[in-house]
Amino acid sequence: MRALAAIAGREVGAMLRTPVGWVVAALYALLTATVFAMQTLAPGEPASLRSFFSPASWLLLVVAPAVSMRLFSEELRSGSIEPLLTTPVPRLAVLLGKFAGAAAFIACMLAPTLAFPALLALVADGPIDPGAVLCGYLGLLLVAAFYLGVGVLVSTMTDSQVLAFLATLIALVLLMVLAGPVAARAPVRLAPALAALSVQDRASDFARGVVETRHLLFFLGATGWTLALAWLSLVWREGR
């Protein structure tokens, strides 16, 4: 656990020391603040953050690949992956440490948005539902974890950060297309399986304050599978 925490802290520090990390965080804060001001604070709208959480999860489609693209690609490019994988620290600890560091950075990016429910509570005529707010943030964290898992997997396969970003983004967009337009035109027996892959539909339920076990299992299971495949990728690379 100490090694995992040390690697996670190293990754968070690395992201905060590079301009890319600050630019990504600033853009996400600007875009989410714009969405909040234009949609949630609109006169006559209910005292709910539902119109904020849905666009915020869409923005993670770009933000998560930008955060995950350097995790292993930079190590592969610089050649430091060999010393890293041959240290006494288990490969799984290295993998989970880097993933945890990226997830912690995303959580730090979401932290400023906690001012939005407080501001909404001040200007709204009625009280806001704190349970729905917590569910919305839980949904954002689960979506981010899944996207980061895909990004970590792709990052173990290439030494180019740009390629890792583009490949992750394309993979996530393809998943969205499969669960949307393709599922709508698929045969009756196949359509439900494809529609079940929709990340945004599941995230929208969290935005409404609904926590379903099937959604939790989907995100946890999908994230676990991507990390397992990333671990296999590291094992294959070390063996090669």
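Reference entry: report on the structure contained in this document. Bear in mind the structure is a predicted one, so any value in this text is a computation, not a measurement.

1. Some thoughts on the packing of aromatic side chains
- Under the criterion given, the structure shown has 8 aromatic pairs.
- Consider the rings of Phe 146 and Tyr 147, whose centres lie 6.0 Å apart with planes at 45°: the pair is tilted. In this pair, the class of Phe 146 matches that of Tyr 147, namely buried.
- An aromatic cluster of at least three residues, connected via ring pairs, comprises Phe 36, Phe 52, Phe 53, Phe 116 and Tyr 137.
- A cation sits over an aromatic face here: Lys 98 above Phe 72, 5.3 Å from the ring centre.
- If you follow Arg 202 out to its NZ or CZ, it ends over the ring of Phe 218, 4.1 Å from the centre.

2. Observations concerning the nonpolar core
- Within the largest apolar cluster, 57 residues are counted, with the highest numbers of intra-cluster contacts made by Leu 60, Val 67, Ile 106 and Tyr 147.
- Among the elements that line this core, the one with the most residues is helix H8 (residues 130–155), at 14 residues.
- Not counting chain neighbours up to four residues away, the residues in contact with Val 67 comprise Met 15, Val 24, Ala 102, Phe 105, Ile 106 and Leu 148.

3. Concerning the side chain of Asp 205
- Within the secondary structure, Asp 205 sits in helix H11 (residues 199–207).
- Here Asp 205 is in contact with Val 210, Glu 212, Arg 214 and His 215, once residues within four sequence places are set aside.

4. Some thoughts on helix H6 (residues 91–110)
- With 20 residues, H6 extends 29 Å from end C-alpha to end C-alpha; this agrees with the ideal 28 Å at 1.5 Å per step.
- Considered for burial, the residues of H6 that qualify are Ala 93, Val 94, Leu 95, Gly 97, Lys 98, Phe 99, Gly 101, Ala 102, Phe 105, Ile 106, Met 109 and Leu 110.

5. Some words on helix H7 (residues 115–123)
- Residues Phe 116, Pro 117 and Leu 120 constitute the buried set of H7. In an axial view of H7, the angular spread of the buried residues amounts to 95°, which keeps them on one side of the axis.
- The inward-facing, buried residues of H7 abut helix H2 (19–40), helix H3 (50–68) and H8.

6. Brief notes about a nonpolar patch on the surface
- On the surface, a nonpolar cluster with roughly 530 Å² of combined accessible area is contributed by Leu 92, Trp 225, Leu 229, Trp 231 and Leu 232.
- Broken down by element, the residue count for the nonpolar patch peaks at 4 residues, all from helix H12 (residues 213–239).
- Of note, Leu 229 is situated in helix H12.
- When its relative accessible area of 41% is taken as the criterion, Leu 229 is described as partly exposed.

7. Some thoughts on the environment of Arg 237
- In this structure, Arg 237 sits in helix H12.
- Each C-alpha atom of the pair Arg 237 and Met 157 lies 8.7 Å from the other, and the pair is 80 residues apart in sequence.
- In contact with Arg 237, not counting residues within four places along its chain, are Leu 76, Thr 156, Met 157 and Thr 158.

8. Comments concerning the pattern of salt bridges
- Per the counting criterion, the structure on display carries 5 salt bridges.
- Residue Arg 10 pairs with Glu 11 through a salt bridge whose shortest N-O separation is 3.2 Å.
- For Arg 10, a relative accessible area of 43% corresponds to the partly exposed category.
- On the accessibility criterion, Glu 11 (1% relative accessible area) is buried.
- In this structure, Arg 70 and Glu 11 form a salt bridge, with 2.9 Å as the shortest nitrogen-oxygen distance.

Rules used throughout
- Residues numbered from 1 in each chain as written.
- Predicted model: local features only at pLDDT ≥ 70, side-chain atom pairs only at ≥ 80, totals over all residues.
- Heavy atoms only, no water.
- Phe/Tyr/Trp six-rings, centres within 6.5 Å; stacked < 30°, edge-to-face > 60°.
- Buried < 20%, exposed > 50% of the residue type's maximum accessible area, 1.4 Å probe, protein only.
- Lys NZ or Arg CZ within 6 Å of the ring centre and 35° of its normal.
- Core = buried A, V, L, I, M, F, W, Y, C linked by side-chain atoms within 4.5 Å.
- Helix = DSSP H or I, 4+ residues; strand = E, 2+ residues; numbered from the N terminus.
- Contact = heavy atoms within 4.5 Å.
- Expected span 1.5 Å × (residues − 1).
- Arc of directions from axis to C-beta.
- Patch = residues over 30% accessible without salt bridge, like charges linked within 9 Å, V, L, I, M, F, W, Y side chains within 5 Å.
- Areas by Shrake-Rupley, 256 points an atom, 1.4 Å probe, with all protein chains shown as cover.
- Salt bridge = Lys/Arg side-chain N within 4 Å of Asp/Glu carboxyl O.

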